[in-house]
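As a plain string of letters, each chain reads:
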Amino acid sequence: MAYIRFFMNQSQFLFEAAKKRIPGGVNSPVRAFRGVGGEPFFVKSASGSRLTTVDNQELIDYVGTWGPAILGHAAPTVIEAVRETALRGLSFGTPNPLEVEMAETICRLVPSVEKVRMVNSGTEATMSCIRLARGFTGRSKILKFEGCYHGHVDSLLVKAGSGALTHGHPDSAGVPAELARLTITVPYNDADAVRAAFEANPGEIAALILEPVPANAGLYLPEPGFLETLRVLCTEMGTVLIFDEVMTGFRLARGGAQEVYQITPDLTAMGKVIGGGLPVGAFGGRAEIMDQLSPDGPVYQAGTLSGNPIAMAAGLAQLREMERIDGWAQLEKIGAAFEVAAREAIWGLPCTFKRIGSMFCLYFCEGPVRNLQDAMGSDKVRFGKFFHGCLEQGVYFAPSQFEAGFLCTAHSESDLSRTAEVVKANLEKVF
Ligand SMILES: *Cc1c(COP(=O)(O)O)cnc(C)c1O
């Protein structure tokens, strides 16, 4: 082994060891770089907009730990809150004051949330929303959109066969076909398909779940009127409208995408930013629905570490700092500057750039990109070359064409101008 190590850098050496004991060498599949080829790098520390790899390469980071690091990595206020809270104990398994403060903060920032419960991941949040919607309505079927990701929940790892009325089949081995059949999938931005699905399943659809801004197949936006139509249809049909704001929540605005688009969902799934980098999720909404949860109601839901004091402290510190500095206004400015540079760089090339606030995506295809099928038209091979070129020059974008990029308040003008240079140079190389 020692002589092999001689020919490897630290990341390669660690990845070899990881592959022996961790499936695929990673604890979450996208980290394995399968979308772009090659091998992942290992990080030893992160600060602000930068990652430092175990081989001492410094990278300008546009992944931000997949969204949570909205103030940049290791934001001093967040670190301080974690340090101070940890000294008083890591977990109590009893109610603690920070849970109340977190609940009040979420309800204040997201007015559609009248009551909220904390969980430990975004997946747990969407899973709990689905069970709650089923318990509340007494119905079984779920309607979702192609290309919207809601974590690795059985009922939500489902793709439709073809056409609006086909019932789903599993996207993953291990999801029973019987369960997948309860999930109906339609294309995003297609209100007629949603209407048709409701008509074909009268009185049977418990919930319609969506990312109000889909950001797990790259990034595309809801067309004018689309979200409004969903709201009207769900009200008419007695279906629970669930916004999965695990990514957009506390990022696109204080109150997330529902504030930007002025839509009031019945339930909201949250995560990422509210944890400040610790494992946190939350779900909440109309009190009438939330009151169905145990111990008050018949829908069971629980968690040993839910509402963990360290996690609450980290999330609260991050949200407090975002409010103090009006981080959302800063991010819009940074995003606008980033967009100007990106549009200049892709001028005349068959590329499509999408941005809303601090989220962005560069597709290697002509637009428009308005749903999963359009996004799939992107040239992944070209993207992979572009990705590796940028990485070599110190700019880290998400290692997949089908992930959004994230800006944070720590991205400086010099980060952006260096990034613009690197992007331009690598676009020239791949076209
Ligand atoms: C990341 C994400 C999830 C899953 O959250 P985890 O914390 O990874 O379980 C769910 N929905 C959306 C929209 C996400 O972006």
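Placed above this text is the structure.
One structure accompanies this document, and this report is about it. (Residues numbered from 1 in each chain as written. Predicted model: local features only at pLDDT ≥ 70, side-chain atom pairs only at ≥ 80, totals over all residues. Heavy atoms only, no water.)

### Side note on the pairing of strand S9 (residues 205-210)
Part 1 of the reasoning: Of all 6 residues that make up S9, 6 are buried, and the element is covered over most of its length.
Part 2 of the reasoning: As paired elements, strand S5 (residues 141-145) and S9 share 3 bridges and run parallel to each other. By the bridge assignment, Lys141 is partnered in S9 with Ile205.
Part 3 of the reasoning: Pairing between S9 and strand S10 (residues 240-244): 4 bridges, direction parallel. Bridge assignment links Ala207 to a residue of S10, and that residue is Val240.
Part 4 of the reasoning: Crossover handedness for the path S9 to helix H8 (residues 226-237) to S10: right-handed. (Buried < 20%, exposed > 50% of the residue type's maximum accessible area, 1.4 Å probe, protein only. Helix = DSSP H or I, 4+ residues; strand = E, 2+ residues; numbered from the N terminus. Pairing = 2+ DSSP bridges. Right-handed = clockwise from strand over helix to strand, strands pointing away.)

### Brief notes about the nonpolar core
Part 1 of the reasoning: Grouped together as the largest cluster of nonpolar side chains are 41 residues, with contacts concentrated most on Leu143 and Phe145.
Part 2 of the reasoning: Contributing elements (two or more residues each) for this core: S5, strand S8 (183-186), helix H7 (191-200), S9, H8, S10, strand S14 (359-363) and helix H13 (372-376).
Part 3 of the reasoning: Residue contributions to this core reach at least three from each of two domains, namely domain 1 (2-74 + 326-430) and domain 2 (76-324).
Part 4 of the reasoning: In contact with Leu143, not counting residues within four places along its chain, are Ile184, Val186, Val194, Ala197, Phe198, Ile205, Ala207, Leu208 and Ile209.
Part 5 of the reasoning: Core analysis: the next-biggest nonpolar cluster, separate from the first, contains 34 residues, Leu51, Ile346, Phe383 and Cys390 among them. (Core = buried A, V, L, I, M, F, W, Y, C linked by side-chain atoms within 4.5 Å. Domains from an automatic or database assignment. Contact = heavy atoms within 4.5 Å.)

### Re the packing of aromatic side chains
Aromatic ring pairs are described here by two measures, namely the spacing of the ring centres and the angle between the planes.
Part 1 of the reasoning: For the structure on display, the rule yields 20 aromatic pairs.
Part 2 of the reasoning: Taking the centre distance of 6.3 Å and the plane angle of 70° together, the rings of Phe387 and Tyr396 count as edge-to-face. Summarising the burial analysis for this pair, Phe387 and Tyr396 share the class buried. (Phe/Tyr/Trp six-rings, centres within 6.5 Å; stacked < 30°, edge-to-face > 60°.)

### So, the side chain of Ser378
Part 1 of the reasoning: One can find Ser378 in the loop between H13 and helix H14 (380-392).
Part 2 of the reasoning: Residue classification places Ser378 among the buried residues on the basis of a relative accessible area of 6%.
Part 3 of the reasoning: Within the local environment of Ser378, its side chain forms a polar contact with the backbone nitrogen of Phe364, the two atoms lying 2.8 Å apart.
Part 4 of the reasoning: Those residues in contact with Ser378 that lie beyond four places of it in its chain are Tyr363, Phe364, Cys365 and Gln401. (Polar contact = N/O pair within 3.5 Å; in protein donor to acceptor, adjacent residues only side chain to side chain.)

### Things to note about the side chain of Thr248
Part 1 of the reasoning: Considering the arrangement of structural elements, one finds Thr248 in the loop between S10 and helix H9 (257-261).
Part 2 of the reasoning: For Thr248, a relative accessible area of 2% translates into the label buried.

### A closer look at the layout of surface pockets
Part 1 of the reasoning: The calculated volume of the second largest pocket comes to roughly 620 Å³.
Part 2 of the reasoning: Taken together, 27 residues line the second largest pocket, and the ones lying closest to its centre are Glu99, Val116, Arg117, Met118 and Ser306.
Part 3 of the reasoning: Of all the secondary-structure elements, those providing two or more residues to the lining of the second largest pocket are helix H4 (97-109) and strand S4 (115-119).
Part 4 of the reasoning: No other element matches the 4 residues that S4 contributes to the lining of the second largest pocket.
Part 5 of the reasoning: When the residues that make up the lining of the second largest pocket are grouped by side-chain class, the tally is 12 nonpolar, 10 polar and 5 charged. (1 Å grid on protein atoms, 1.4 Å probe; cavity = no way out; pocket = protein on both sides within 12 Å on 5 of 7 lines; lining within 4 Å. Points joined across faces, edges and corners; volume = space filled by probe spheres on them. Nonpolar A, V, L, I, M, F, W, Y, C, P; charged D, E, K, R; others polar.)

### A look at the packing of H7 against H8
Part 1 of the reasoning: Where H7 contacts H8, the axes come no closer than 10 Å and their chain directions differ by 10°. When the axes of H7 and H8 are compared, the pair comes out roughly parallel. Together, Ala191, Val194, Arg195 and Phe198 of H7 and Phe226, Thr229, Leu230, Leu233, Cys234 and Met237 of H8 make up the contact between the two elements.
Part 2 of the reasoning: Within the contact of H7 with H8, the residues separate by chemical class into 8 nonpolar, 1 polar and 1 charged. (Axes fitted to C-alpha atoms, helices over the stretch in contact; angles between N-to-C directions. Parallel < 35°, antiparallel > 145°, perpendicular 65-115°, else oblique.)

### Brief notes about the sheet that holds S9
Part 1 of the reasoning: Reading across the sheet, the 7 strands line up as S4-S12-S11-S10-S9-S5-S8 and stay open at both edges, with mixed pairing between neighbours. Among the strands making up the open sheet, the edge pair consists of S4 and S8. Taking the axes of each pair of neighbouring strands and ignoring which way they run, one obtains an average angle of 20° across the sheet.
Part 2 of the reasoning: In this sheet, strand S12 (residues 281-285) lies alongside strand S11 (residues 267-271) in antiparallel orientation, the contact comprising 5 bridges. When the bridges of S12 are listed, Ala269 appears paired with Phe283.

### Section: the packing of H14 against helix H15 (residues 413-430)
Part 1 of the reasoning: It is at 9 Å that the axes of H14 and H15 come closest, and there the two elements cross at 140°. As summarised for this structure, H14 and H15 are arranged oblique, according to the angle between their axes. Here the hand of the crossing between H14 and H15 comes out right-handed. Contacts between H14 and H15 pair Arg382, Lys385, Phe386, Gly389 and Cys390 from the former with Val422, Val423, Asn426, Leu427 and Val430 from the latter. (Left-handed = near helix turned anticlockwise from the far one by under 90°.)

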